[in-house]
Amino acid sequence: MNLRNFAGLLVGLSLVQTGTALADTSLAEGLRQCAAITDTEKRTACYDALATTAQGPAGFGRDSSTLDSIEAKVTAYSFTPFGKFVVVLDNGQIWQQSEGDPDRAHLTGASNTVSISRGAFGSYAATINDGHHQFKVTRVR
């Protein structure tokens, strides 16, 4: 493994850790906010809303989700040594372009968005920045 490939691997691993930390932080913050509510009905409603949010987009890409698609902001991204993108979304999910997808994505700057939808036979396709091209992706986390 050459130095460039090793550096790409390290960036990808740090993105996975960053995405996990972001998801854990937002959940923990939500729990703290709910716990601070003194009214029982409002506190219960807060916990219910937090649970619904965690099961919604966060469940997409897993067999248990009933959603057909999601849209999210990209909070971080990198490219594998083979030029495939890895994106961390604002909902804590991490998606990677499939190795079999021959196309190259163009992510630039800090304001990228992604739309991910279900495809045939359990596959998923991502559209970046409202573009017209779809990339085959798999959920990493």
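It should be noted that the structure appears before, not after, this text.
Residues numbered from 1 in each chain as written. Predicted model: local features only at pLDDT ≥ 70, side-chain atom pairs only at ≥ 80, totals over all residues. Heavy atoms only, no water.

Concerning the overall build of the protein
From N to C terminus, the protein includes two helices and six strands. Start at the N end of the protein and walk to the C end: the helices and strands fall as α-α-β-β-β-β-β-β. Counting all 141 residues of the protein, 33% fall into the buried class. A separation of at least 24 residues holds for 48% of the contacts in the protein among residues at least 6 apart in sequence. Counting only carbon and sulfur atoms, one obtains 57% of the accessible surface of the protein, whose full area is about 8,800 Å². (Helix = DSSP H or I, 4+ residues; strand = E, 2+ residues; numbered from the N terminus. Buried < 20%, exposed > 50% of the residue type's maximum accessible area, 1.4 Å probe, protein only. Contact = heavy atoms within 4.5 Å. Areas by Shrake-Rupley, 256 points an atom, 1.4 Å probe, with all protein chains shown as cover.)

Observations concerning the pairing of strand 2 (residues 85–89)
Taken across its five residues, strand 2 has five buried, putting it largely inside the fold. Inspection of the sheet shows strand 1 (residues 69–79) paired to strand 2 by five bridges, in the antiparallel sense. Following the sheet pairing, Ala76 is matched in strand 2 by Val88. Relative to strand 3 (residues 94–97), strand 2 is paired through three bridges, and the arrangement is antiparallel. Of the residues in strand 3, the one forming a bridge with Val87 is Trp95. The hairpin formed by strand 2 and strand 3 contains four residues between the paired strands, and Gly92 there has a positive phi angle of roughly 95°. (Pairing = 2+ DSSP bridges.)

Things to note about the sheet that holds strand 4 (residues 113–118)
The strand order around the closed barrel formed by six strands is 1-2-3-6-5-4, and the pairing between neighbours is antiparallel. Geometrically, the sheet is characterised by an average inter-axis angle of 45° between neighbouring strands, direction not taken into account. Bridge analysis of strand 5 (residues 124–128) against strand 6 (residues 134–139) gives four bridges, and the strand direction is antiparallel. The residue bridging Ala126 from the neighbouring strand is Phe135, located in strand 6. (Axes fitted to C-alpha atoms, helices over the stretch in contact; angles between N-to-C directions.)

A short note on the packing of aromatic side chains
Working definition: an aromatic ring pair is given by the centre-to-centre distance plus the angle between the planes. For the structure shown, the criterion picks out five aromatic pairs. When the centroid spacing of 6.0 Å and the interplanar angle of 40° are considered together, the rings of Phe60 and Trp95 count as tilted. One end of the pair, Phe60, is in the loop between helix 2 (40–55) and strand 1; the other, Trp95, is in strand 3, with 35 residues separating them in the sequence. For the pair Phe60 and Trp95, one class covers both residues: buried. (Phe/Tyr/Trp six-rings, centres within 6.5 Å; stacked < 30°, edge-to-face > 60°.)

Re the side chain of Gln93
Position of Gln93 relative to the elements: it lies in the loop between strand 2 and strand 3. Its relative accessible area of 1% is what places Gln93 among the buried residues. At 3.2 Å, the side chain of Gln93 and the backbone oxygen of Phe60 are in polar contact. (Polar contact = N/O pair within 3.5 Å; in protein donor to acceptor, adjacent residues only side chain to side chain.)

Considering unusual backbone geometry
A positive phi angle is found at Asn129, which is not glycine, with a value near 50°. Within the secondary structure layout, Asn129 lies in the loop between strand 5 and strand 6. Assessed through its relative accessible area of 30%, Asn129 is described here as partly exposed. The residue Asp130 is not glycine, and still its phi comes out positive at about 55°. Inspection of the secondary structure assignment puts Asp130 in the loop between strand 5 and strand 6.

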